[in-house]
Structures are given as C-alpha cells and as structure tokens.
Amino acid sequence: DVVSEAAPILAGADDEHQHGLLGRLPDGSCCRLKPEPLPRSGLTEEEVRDSHRGFCFNSRAAEAVDVDRPQLDVRTSGCKARHQAY
C-alpha cells in the first residue's frame, strides 16, 4: 500500500478554499508568493509571447492573481455528491 503523508483535509480548507491555505510561509503567515499586478495598459505582444514560452499558458497573468484567493465550487451536483461519498 502507498500511504500519503498529506492530511486528508488540508489546513484552512473550506467551501471557498478547497485546497486549504496556499502560498503561506512555514509559520502560517502570508505570503510566499506576492501577486505582481499586470500593467494597466495590458501586456505587449512580446510580453504575452514571453509569458507563454515554456508554459503553454499566460504565466504573467497567473502571477498577477493571489494564490490564496476564494474559488467558487463549479462542480456539478453529481460530482459534489460523489465527492461526499469518498
């Protein structure tokens, strides 16, 4: 058997933070990664191209959002019911 060392429910997990508290320092304080806002004028074509290089997604836009932000649960009711049965 493979036993995971991860807790079955992550610290800080709730309906809006399903993965628990992310991006925290070892002492629990915020934040390991600080969001870097995008320029008001948006990214240039070159910046967009560079942000996709090696990632296949806009890494620059991903870095602009807080890691520990509320996330809506967009699963279907069937998926939620199945999860409750675990």
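A brief structural summary. (Residues numbered from 1 in each chain as written. Predicted model: local features only at pLDDT ≥ 70, side-chain atom pairs only at ≥ 80, totals over all residues. Heavy atoms only, no water.)

Observations concerning the overall build of the protein chain
A count of helices and strands for the protein chain gives three helices and zero strands. Along the protein chain, helices (α) and strands (β) appear in the sequence α-α-α when read from the amino end. Its C-alpha atoms give the protein chain a radius of gyration of 17 Å, clearly above 12 Å, the size a compact globule of 86 residues would have. For the protein chain, the C-alpha atoms occupy an extent of roughly 45 × 35 × 30 Å along the three principal directions. Looking at the protein chain as a whole, 8% of its 86 residues qualify as buried. A sequence separation of at least 24 residues applies to 48% of the contacts in the protein chain between residues at least 6 apart. With the model as given, the accessible surface of the protein chain reaches about 7500 Å², and the carbon-plus-sulfur share is 55%. Taken as two groups, the 11 positive and 15 negative side-chain charges of the protein chain have centres that lie 3 Å from each other. (Helix = DSSP H or I, 4+ residues; strand = E, 2+ residues; numbered from the N terminus. Rg over C-alpha atoms; globule rule 2.2 N^0.38 Å. Buried < 20%, exposed > 50% of the residue type's maximum accessible area, 1.4 Å probe, protein only. Contact = heavy atoms within 4.5 Å. Areas by Shrake-Rupley, 256 points an atom, 1.4 Å probe, with all protein chains shown as cover. Lys, Arg positive; Asp, Glu negative; His and termini not counted. Charge placed at Lys NZ, Arg CZ, Asp CG, Glu CD.)

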